[in-house]
Amino acid sequence: MTIFKEKLDEEYLTTSEVKELLAEVEAERAADEEREMRYELARAIEHVNRFAHLDPEESRELVEELAELEKVDNPTAIKVADLLPQSRDELRAVFAQQRYALSGDELDEILNIVAKYV
């Protein structure tokens with residue numbers, strides 16, 4: 001017997017936004033002494049604490065500003081906001097799986113936007 005779960009909703013979040021949500025979960029779990037934090041949750045909290053560089057509002061602003069560009073879709077904008085690439089090579093790695101290549105000017109435009117938030 002197989003049980004299938006239906007996907008009801010999907011929302012892309014930056015690491016900074018996830019950090020804020022997990023902080024709430026962590027505080028809730030800490031308040032209840034009988035409730036133990038699962039290994040996966042503890043690792044997720046450790047991960048976002050290590051890799052979230054911006055605060056949630058800044059990261060969302062960065063994603064919105066990047067998404068306004070023609071060749072940057074929302075999932076890619078979130079990757080860029082999470083990684084905060086500093087060079088063309090780092091940025092090309094983010095776009096490596098796309099079916100198109102960005103010109104030098106387009107790469108520079110994205111890097112200039114990222115530089116405002118770093």
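Fair warning: this is a prediction, and the values are worked out from it, not measured in the lab.

What follows deals with the environment of Ala 93. Relative to the helices and strands, Ala 93 is located in helix α5 (residues 88–94). When the C-alpha atoms of Ala 93 and Glu 17 are compared, they prove to be 23 Å apart, with 76 residues separating the residues in sequence.

Attention shifts here to the environment of Val 48. Structurally, the position occupied by Val 48 is in helix α2 (residues 39–51). Residues Val 48 and Asp 82 lie 34 residues apart in sequence; the distance between their C-alpha atoms is 10 Å. Ignoring any residue separated from it by four or fewer positions in sequence, one finds Val 48 in contact with Thr 15, Val 18, Lys 19 and Leu 22.

Time to look at the side chain of Thr 15. By the secondary structure assignment, Thr 15 is in helix α1 (residues 15–31). Thr 15 gets classed as buried once you look at its relative accessible area, which sits at 14%. Beyond its immediate sequence surroundings of up to four residues, Thr 15 is in contact with Val 48, Phe 51, Ala 52 and Asp 82.

For the rest of this paragraph, the subject is the packing of α1 against helix α3 (residues 56–67). Contact pair α1 / α3: the axes reach a minimum separation of 8 Å and the direction vectors enclose 150 degrees. For the pair α1 and α3, the sense of crossing is left-handed. Contact with α1, carried on its side by Ser 16, Glu 17 and Glu 20, involves Pro 56, Glu 57, Ser 59 and Arg 60 of α3 and no other residues of that element. In the contact of α1 with α3, the residues fall into one nonpolar, two polar and four charged.

Glancing now at the domain arrangement of the protein. Examined at the domain level, the protein breaks down into domain 1 (15–51) and domain 2 (56–115). A C-alpha centroid distance of 28 Å is found between domain 1 and domain 2. Contacts between domain 1 and domain 2 engage five residues on the former and five residues on the latter. Summing the contributions of domain 1 and of domain 2, the shared interface buries around 430 Å²; its carbon and sulfur component is 36%.

Turning our eyes to something else, we now look at the pattern of salt bridges. What the rule picks out here adds up to nine salt bridges. Across the pair Lys 116 and Glu 65 runs a salt bridge, and its minimum N-O distance is 2.5 Å. Here the residue Lys 116 occupies a position in the segment after α6 (104–115), and Glu 65 occupies one in helix α3, the gap between them amounting to 51 residues. Residue Arg 88 is joined to Asp 108 by a salt bridge in which the shortest nitrogen-to-oxygen separation is 2.6 Å. With Arg 88 in helix α5 and Asp 108 in helix α6, this pair connects stretches of sequence that are 20 residues apart. Classification of Asp 108 by relative accessible area gives partly exposed; the value is 28%. Within the structure, one salt-bridge network assembled from shared partners comprises Arg 43, Glu 46 and Arg 50.

Definitions and limits used
- Residues numbered from 1 in each chain as written.
- Predicted model: local features only at pLDDT ≥ 70, side-chain atom pairs only at ≥ 80, totals over all residues.
- Heavy atoms only, no water.
- Helix = DSSP H or I, 4+ residues; strand = E, 2+ residues; numbered from the N terminus.
- Contact = heavy atoms within 4.5 Å.
- Buried < 20%, exposed > 50% of the residue type's maximum accessible area, 1.4 Å probe, protein only.
- Axes fitted to C-alpha atoms, helices over the stretch in contact; angles between N-to-C directions.
- Left-handed = near helix turned anticlockwise from the far one by under 90°.
- Nonpolar A, V, L, I, M, F, W, Y, C, P; charged D, E, K, R; others polar.
- Domains from an automatic or database assignment.
- Buried area = accessible area lost by both parts, 1.4 Å probe.
- Salt bridge = Lys/Arg side-chain N within 4 Å of Asp/Glu carboxyl O.

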